[in-house]
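These are the residues of each chain, in order.
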Amino acid sequence: MTADTHRFPVITIDGPSGAGKGTVCLKLAKALGYQLLDSGALYRIVGLHAYQAGLLTNAEGVVLSQLDESKLVELTQSLNIEFVPSNDNNKGDSNVHIVVNGHRVDKLIRNETVGGYASQIAVLPAVRKALLALQQRMATQSGLVADGRDMGTVVFPNADVKVFLTASADARAKRRVEQLKNANQSADYEQILASIVARDERDENREASPSKPAADALVLDSSKLDVETVYTKIKQYCEQQGICF
Ligand code: DC
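Note that this is a predicted model, so its numbers are computed, not measured.

Thresholds applied
- Residues numbered from 1 in each chain as written.
- Predicted model: local features only at pLDDT ≥ 70, side-chain atom pairs only at ≥ 80, totals over all residues.
- Heavy atoms only, no water.
- Pairing = 2+ DSSP bridges.
- Helix = DSSP H or I, 4+ residues; strand = E, 2+ residues; numbered from the N terminus.
- Axes fitted to C-alpha atoms, helices over the stretch in contact; angles between N-to-C directions.
- Contact = heavy atoms within 4.5 Å.
- Expected span 1.5 Å × (residues − 1).
- Buried < 20%, exposed > 50% of the residue type's maximum accessible area, 1.4 Å probe, protein only.
- Phe/Tyr/Trp six-rings, centres within 6.5 Å; stacked < 30°, edge-to-face > 60°.
- Lys NZ or Arg CZ within 6 Å of the ring centre and 35° of its normal.
- Salt bridge = Lys/Arg side-chain N within 4 Å of Asp/Glu carboxyl O.
- Near = heavy atom within 4 Å.
- Polar contact = N/O pair within 3.5 Å; in protein donor to acceptor, adjacent residues only side chain to side chain.
- Areas by Shrake-Rupley, 256 points an atom, 1.4 Å probe, with all protein chains shown as cover.
- Nonpolar A, V, L, I, M, F, W, Y, C, P; charged D, E, K, R; others polar.

Below, the discussion takes up the sheet that holds strand β8 (residues 218–221). Strands pair in a sheet through their backbones, by hydrogen bonds, and they do so in one of two ways: parallel or antiparallel. The parallel open sheet is built from five strands, whose spatial order is β2-β6-β1-β7-β8. At either end of the open sheet lies a strand with only one pairing partner, and these are β2 (35–38) and β8. Within the sheet, the average angular offset between the axes of one strand and its neighbour, ignoring direction, is 20°. Across four bridges, the pairing between strand β1 (residues 10–14) and strand β7 (residues 161–166) is parallel. What sits directly across from Ile 11, in β7, is Val 161. Most of the contacts of helix α2 (residues 39–52) go to β2, to which it runs at about 40°, and overall it touches β2 and β6 (144–148).

Written out as C-alpha cells, the structure is:
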C-alpha cells in the first residue's frame, strides 16, 4: 500500500507560479465539488513564520546560505494549519480559508516576498516531509484537486489525473504585472521577471522533489492560451481519464 492510497479521485496540477494553476484548480474544484489543496500556501506559511522567527536572514537582513533544518522542522510541526471551507466562492475567492494557529493568513502570504521565503525553505527534504501527511490526508475526505510542484510526482503518485501546466517566464511576468496593475499596485516587469527566473531556478534544480512533470502527466503550455481555453483543455483531459463533471 503506497502512502497516497486514496479512496476519492485526485487531480494533480503542477507547474511554476503564474502558469494559471490557481485559477484552473479553483474552477475544477468548484465544478466537481472537490476540495482544493493549495500546497504552495503551506510552503508560504512555513516560509513566512521562518522569516519572522529569524531563521532565513541574519541580523543585517542578509539571506542565510545555510538554513537550520532541524529548527525549521520544529517550527513546521508547531504550526496548526487548517483549510477551512468558505462560502465566498461567488467573489472569486478560494473555496477554503487558510488558518494558522487560529488566524486567517490568506492575504498575508500572497506576495512575491513570501513566495521567495517559501522557495528558500522548500529545498529542505525534512521540511517537505513534515508537510507530507497533512497534504495526503486531504484526499481521504473527498475528491481533491491538488495544486503544486510535486503533487503528481511525490505527494500523490497514484493520482487519477496529472497535469503539468507551464508557461514562459516572460508570459508569467506579464500576467503578474497585469494582476498588480489591476489591484492598483506598482509593478516593475524587469524586477518581477528576475524574481520569477530566480524562483524557477531554485524550484527546478533542488534535489528534493524538484518541480518537474510526472512521467504520466499531460504537459500543457499556457503561454499563448487564455484561462478559458486552458480550463477547457484540462476538463476534456479529465473526462478522457474517467472524471465525471
Ligand atoms: O505555488 P506558489 O507560488 O504558491 O509556491 C510558493 C513556493 O513554494 C514555490 O516557489 C515553491 C514552493 N512549493 C514547493 O516546493 N512545492 C509545492 N508543492 C508547492 C510550492
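Taking 1.5 Å of rise per residue, the twelve residues of helix α1 (residues 21–32) would be expected to cover 16 Å, and the 16 Å separating its terminal C-alpha atoms lies within 8% of that figure. Among all positions of α1, only Lys 21, Val 24, Cys 25, Leu 26, Leu 28, Ala 29 and Leu 32 are buried. Turning to α1, the residues buried within the fold contact β1, β2, β6, β7 and α9 (227–240). At the C-terminal side of α1, Gly 33 shows a positive phi close to 70°.

Attention shifts here to the packing of aromatic side chains. Following the criterion strictly, the structure yields one aromatic pair and no others. On the numbers, 4.4 Å between centres and 10° between planes, the contact of Tyr 51 with Tyr 117 is stacked. Residue Tyr 51 is found in helix α2, and its partner Tyr 117 is found in helix α4 (residues 112–121); the two are separated by 66 residues along the sequence. The ring of Tyr 231 carries the charged tip of Lys 27 above its face, separated from the ring centre by 4.8 Å. Against the face of Phe 245 rests Lys 235, its NZ or CZ located 5.0 Å from the ring centre.

Here we take up the pattern of salt bridges. Per the stated rule, a full pass over the model turns up twelve salt bridges. One salt bridge in this structure joins Asp 106 and Arg 104, with 3.3 Å as the shortest N-O distance. The exposure class assigned to Arg 104 is partly exposed, which follows from its relative accessible area of 48%. For Arg 176, the salt bridge identified is with Glu 112, shortest N-O distance 2.7 Å. Of this pair, Arg 176 sits in helix α7 (residues 169–182) while Glu 112 sits in helix α4; the two residues are 64 residues apart in sequence, bridging distant segments of the chain.

We now examine the site of the ligand. Around the ligand, the structure places 17 residues, and the nearest of them are Arg 44, Arg 128, Arg 149, Asp 203 and Arg 206. One of the side-chain nitrogen or oxygen atoms of Ser 39 is found 2.9 Å away from a nitrogen atom of the ligand. Here an oxygen atom of the ligand sits 2.8 Å away from a polar atom, N or O, in the side chain of Asp 203. Contact with the protein chains removes 97% of the 450 Å² of surface that the ligand exposes when unbound. Going through the elements one at a time, α2, α4 and α8 (189–205) are the ones with two or more residues in the shell around the ligand. Of the residues forming the shell around the ligand, the biggest block, four residues, is contributed by α2. Classifying every residue of the shell around the ligand by side-chain character gives four nonpolar, five polar and eight charged.

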